[in-house]
Amino acid sequence: RTDAHLYIVGSVRVPKYQAYLDWLQQHVVQNRKVTLIDQFITDYEFDRWIAAVDAVVLPYKEISSSGVAARAVLYNRQLIYNAATSLQAQLGNAPGMTAYASAAELATALTDLRRSPLSEATINPETPAMPLLFVMPWFGKDVRGGAEIFIFALCENLARSGTKVEVWTTGTDDVTVRSNKKLRD
C-alpha cells in the first residue's frame, strides 16, 4: 500500500538487542514512512495503538503465546507473525492471521495489507459504528480477576475512542460463588 506508515513501538528489555535498536535508529531516520518510538508504553497507550492500526506485525523468532497477538485478534486487527512461533496454537484460526516463513513472505504480507473495518469507520464518518458485546461472569471497576481487569480496561478505552460497547454480566457481588444476590436485592 502506498499510504502505509510503519510504526515500531516499544522498548528494548533484553540488552543483547540494543545493537539492533541502534541499527534501526540509524536507518529509520532515512525513511519518512517509518517511525520508531523507543519507549515503554502503558496499557492504556497500548490499547490505543492496537485500536488505531490496520495490522500488527510480530517478528518474534520464538514465542509460545502473546498478549499482543491476543489483543490484535480481540480488536479484529490483521496479525502478521513468524510461522516458526507457536502463535497459531494460541489463537487457532482467527480471521486475519498471516504467517510468514521468510523475508520475502513478510514483504508480501505487508504489501497485501488492507484497511481494517474499524479504521474505515474512523476515516468515513458515514460508516455505521460496529457495537461490541462482551459477556462476562462478573464485571466492574472493583473486580480484580486478570481477564476481568483486561476487559474492563479494554471497554473503557474503546468507549473513550467512540466505539459502542455493551457488557452483559451476572449481578453477583462475590466472585467465589457467582450468586446473583444483587439482582434479588
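Residues numbered from 1 in each chain as written. Predicted model: local features only at pLDDT ≥ 70, side-chain atom pairs only at ≥ 80, totals over all residues. Heavy atoms only, no water.

One open sheet holds the three strands; their spatial order is E3-E4-E5, and the pairing between them is parallel. One side of each edge strand has no neighbouring strand; the edge strands of this open sheet are strand E3 (55–58) and strand E5 (97–100). Each neighbouring strand pair of the sheet contributes to a mean axis angle of 15°, computed without reference to strand direction. (Pairing = 2+ DSSP bridges. Helix = DSSP H or I, 4+ residues; strand = E, 2+ residues; numbered from the N terminus. Axes fitted to C-alpha atoms, helices over the stretch in contact; angles between N-to-C directions.)

Another point: the pattern of salt bridges. Summed over the entire model, instances satisfying the criterion amount to two salt bridges. Here Asp47 and Arg71 are joined by a salt bridge, their closest N and O atoms 3.1 Å apart. Of this pair, Asp47 sits in helix H2 (residues 43–52) while Arg71 sits in helix H3 (residues 67–74); the two residues are 24 residues apart in sequence, bridging distant segments of the chain. Per residue, the accessibility class of Asp47 equals that of Arg71, and both read buried. (Salt bridge = Lys/Arg side-chain N within 4 Å of Asp/Glu carboxyl O. Buried < 20%, exposed > 50% of the residue type's maximum accessible area, 1.4 Å probe, protein only.)

Here we take up the confidence of the model for the chain. Taken residue by residue, the chain gives an average pLDDT of 78. The fraction at 70 or more is 81%. Low pLDDT, under 50, characterises residues 120–127; the predicted model gives this stretch four contacts beyond four residues in sequence or across chains. (pLDDT = per-residue confidence, 0-100. Contact = heavy atoms within 4.5 Å.)

Interaxial distance between H2 and H3 falls to 10 Å at its minimum, and their mutual angle equals 50°. Considered as vectors, H2 and H3 are oriented oblique to each other. You can see that H2 and H3 cross each other, and the crossing is right-handed. On H3, the residues touching Asp43, Phe46, Asp47 and Ile50 of H2 are Val68, Arg71 and Ala72. (Parallel < 35°, antiparallel > 145°, perpendicular 65-115°, else oblique. Left-handed = near helix turned anticlockwise from the far one by under 90°.)

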